[in-house]
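Residues per chain, in single letters:
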Amino acid sequence: MLSACLLLFGCSSTEAPPNLIIIFADDLGYGDLSSYGHPTIHTPHLDQMATEGLRFTQFYTGASVCTPSRAALLTGRLPVRSGMADDRVRVIFPPSPGGLPTEETTIAEMLQSAGYATGIIGKWHLGHQEGQLPTSHGFDYYFGIPYSNDMSPATSGGARVQTYPPLPLMRNTEIIEEEPDQRLLTRRYTTEAVAFIRNHAASPFFLYVPHSMPHIPIFASDAFEGTSTRGLYGDVIEELDWSVGQIISAVKEIGKERQTLVVFTSDNGPWLTVNLAGGSAGLLRDGKGTTWEGGMRVPGLAWWPGTIAPGGTTVALATTMDLFATAAGLAGVALPEDRVMDSVDLTPVLVDPQQEVRDMVYYYRGTRLFAVRKGPWKLHYITQSAYVGDAPVTQNPPLLFHLDHDPSERFNVAAHQEEVVAEIEEAVRQHRAALVMAPSQLRVPAWE
Ligand code: MG
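About the criteria used
Residues numbered from 1 in each chain as written. Predicted model: local features only at pLDDT ≥ 70, side-chain atom pairs only at ≥ 80, totals over all residues. Heavy atoms only, no water. Domains from an automatic or database assignment. Buried area = accessible area lost by both parts, 1.4 Å probe. Salt bridge = Lys/Arg side-chain N within 4 Å of Asp/Glu carboxyl O. Polar contact = N/O pair within 3.5 Å; in protein donor to acceptor, adjacent residues only side chain to side chain. Helix = DSSP H or I, 4+ residues; strand = E, 2+ residues; numbered from the N terminus. Nonpolar A, V, L, I, M, F, W, Y, C, P; charged D, E, K, R; others polar. Donors = N, O, S within 2.8 Å, 3.2 Å for Na, K, Ca; no water. Buried < 20%, exposed > 50% of the residue type's maximum accessible area, 1.4 Å probe, protein only. 1 Å grid on protein atoms, 1.4 Å probe; cavity = no way out; pocket = protein on both sides within 12 Å on 5 of 7 lines; lining within 4 Å. Points joined across faces, edges and corners; volume = space filled by probe spheres on them. Phe/Tyr/Trp six-rings, centres within 6.5 Å; stacked < 30°, edge-to-face > 60°. Lys NZ or Arg CZ within 6 Å of the ring centre and 35° of its normal. Axes fitted to C-alpha atoms, helices over the stretch in contact; angles between N-to-C directions. Parallel < 35°, antiparallel > 145°, perpendicular 65-115°, else oblique. Contact = heavy atoms within 4.5 Å.

Q: Teacher, can you tell me more about the domain arrangement of the protein here?
A: For an interface, size is often stated in terms of accessible area lost upon the parts coming together. Structurally, the protein comprises domain 1 (4-8 + 15-359) and domain 2 (362-434). Computed over C-alpha atoms only, the centres of domain 1 and domain 2 are separated by 27 Å. Roughly 2,300 Å² of surface becomes buried between domain 1 and domain 2 when both sides are summed, with 52% attributable to carbon and sulfur atoms. Remark: the boundary between domain 1 and domain 2 carries two salt bridges. Put simply, Asp-359 and Lys-374 hold a salt bridge, and the shortest N to O gap is 2.8 Å. For the pair domain 1 and domain 2, the number of links is 15 residue pairs in polar contact (both at pLDDT 80 or more). Every element with two or more residues in the side of domain 1 that touches domain 2 is listed here: β2 (54-60), α4 (79-82) and α8 (293-296). Tallied by class, the residues present in the side of domain 1 that touches domain 2 amount to 10 nonpolar, five polar and 10 charged.

In structure tokens form, the structure reads like this:
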């Protein structure tokens, strides 16, 4: 397959490879941007990214909660392969001993080896004990919080959370503040991200900006609080939108807009059980924590003037895991060959939105395969709602939905599509037979 380097640049040895910026919102839903249909949240900078770039309508995360989703993005692999999936714990907590195994290769490690400067500004959530922070996984520079912003005795009231240490704000491996003012997190991340871009104007760079917001508890700075039509949640999204505008402006300021791919997406769907403090999956069913579409289909925007034609929309299936192979293509380096990858280079779609690069999407919840998408069809083996107390339900026979016709997953057509079900079941049988599952690294924290 032609890499982006070959396809677009002829791979001249004197030409620096393109920069990559991935902006990753936390718990932002499919329906939370104006360019994805939200009626009252105003996101002009993200909408401009869409107008000048490419909007994916079928872009998926690797999991429906933070830790495994982040592992999937950075490793290009399903979390069951890396050990970052667990049925009970599901994410890393402050007392958790686990973290992303060092044997995993992150996008940052791959690009660092290819001569890129690498930075992460924001929430890590892949392990925070010694040797597990971003600087041990290919990032030259880290500024942010090591796990979720609700794992903080200062902002969350639960008895268990009160046993946690104060929420740390870190620079590289040092804690520089405890319990930072969360109203300023988006603003401070933005300042850091803009500085990183300015400081690396001369070298290829990979900048990963996993925002803490809009994960609860949500906060906006004074400049945004009380300003949106959607209440505090809208204020938070509009501040993230402002942040995207600042990052794009910085790329233009250093004159690298034609040498920089910027991707905006989210780690999982909206947290529906927190009511008004959570977002919206639009017309998609359910949200965070589930394998319904609302849990794992998220906005996906790609911007790269001169390479991505303006104003495109694509229905091509794509996942956050594909950003690994896309990054390898940018840098002109080969994918790791000593492991199974779940990543395909999205460059053909970026260049031509009519192209398709993948046919299958796997929806794992923890270590269990709950659902599978093949083309327009989605088969559910197990379903579960986000709502507390809603236990997993084994679907026997499995439920089948045609997502092109029925994006809200309302009409089970399995009884009329026996051949489709059989075809997907065969693909699943092969997937399961080949799957080597790593032991869980999300080891049980002391309180479990
Ligand atoms: Mg999340």
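Next, the rest of the story.
Q: Is there a simple way to explain the coordination of the magnesium ion in this structure?
A: Note on the magnesium ion: its protein donors are Asp-26 (OD), Asp-27 (OD), Cys-66 (SG), Asp-267 (OD), Asp-267 (OD) and Asn-268 (OD1). The metal-donor distances range over 2.1 to 2.7 Å. Coordination of the magnesium ion draws on donor residues from a single chain, spaced D-D-x38-C-x200-D-N in sequence. With a gap of 202 residues between them, Cys-66 in helix α3 (residues 66-75) and Asn-268 in the loop between β8 (260-266) and α8 connect regions that are remote in the sequence. A relative accessible area of 2% means that Cys-66 is categorised as buried. In this structure Asn-268 comes out as buried when scored by relative accessible area, which is 0%.

Q: Would you explain the environment of Pro-95 in this entry?
A: Looking at the secondary structure, you find Pro-95 in the loop between α4 and α5 (107-113). Placed 27 residues apart in sequence, Pro-95 and Pro-68 show a C-alpha to C-alpha distance of 17 Å.

Q: Teacher, can you tell me more about the environment of Asp-222 here?
A: The topology assignment puts Asp-222 in the loop between β7 (205-210) and α7 (231-253). Between the C-alpha atom of Asp-222 and that of Leu-184, which follows or precedes it by 38 residues, the distance is 8.8 Å.

Q: Which parts of the structure should I look at to understand the layout of surface pockets?
A: One way to see where empty space is left: roll a probe the size of a water molecule over the atoms. Each pocket or cavity is described by its volume, and for the largest pocket that value is around 730 Å³. Lining of the largest pocket is provided by 31 residues; of these, Val-65, Arg-90, Val-91, Phe-93 and Trp-271 occupy positions nearest its centre. A domain split of the lining of the largest pocket shows at least three residues from each of domain 1 (4-8 + 15-359) and domain 2 (362-434). There is about 230 Å³ of room inside the second largest pocket. Every residue lining the second largest pocket is counted, 15 residues in all, and those nearest its centre are Arg-81, Met-341, Asp-342, Arg-358 and Tyr-362. Those elements giving two or more residues to the lining of the second largest pocket turn out to be β12 (360-365) and α11 (418-434). Looking at the lining of the second largest pocket, the element that brings in the most residues is β12, giving three residues.

Q: Any chance you could explain the packing of aromatic side chains here in plain terms?
A: How two aromatic rings sit relative to each other is set out by the distance from centre to centre and by the angle between their planes. Counted according to the given criterion, the structure contains 12 aromatic pairs. Between Phe-196 and Phe-205, the aromatic rings sit 6.0 Å apart at their centres with planes inclined by 85 degrees, giving edge-to-face as the arrangement. The pair Phe-196 / Phe-205 is uniform in exposure class, with both members buried. A centroid spacing of 6.1 Å and a plane angle of 50 degrees characterise the contact between Phe-224 and Trp-242, whose relative ring orientation is tilted. Separated by 18 residues along the polypeptide, Phe-224 in the loop between β7 and α7 and Trp-242 in helix α7 bring together distant segments of the chain. No difference in accessibility class separates Phe-224 from Trp-242, as the two residues are buried. Among the aromatic side chains, those forming a connected cluster through ring pairs are Phe-24, Trp-124, Phe-139, Phe-206 and Tyr-208. The side chain of Arg-285 reaches across the aromatic face of Trp-292, ending 3.7 Å from its centre.

Q: Teacher, can you tell me more about the packing of helix α6 (residues 185-199) against α7 here?
A: Helix packing geometry: the angle between the two helix axes and the distance between the axes. Relative to each other, α6 and α7 sit at 10 degrees, their axes nearing to 9 Å. Relative to α7, the element α6 lies roughly parallel. Across the interface between the two elements, Thr-186, Arg-187, Thr-190, Ala-193, Val-194, Ile-197 and Arg-198 of α6 pack against Glu-239, Leu-240, Trp-242, Ser-243, Gln-246, Ile-247, Ala-250, Val-251 and Glu-253 of α7.

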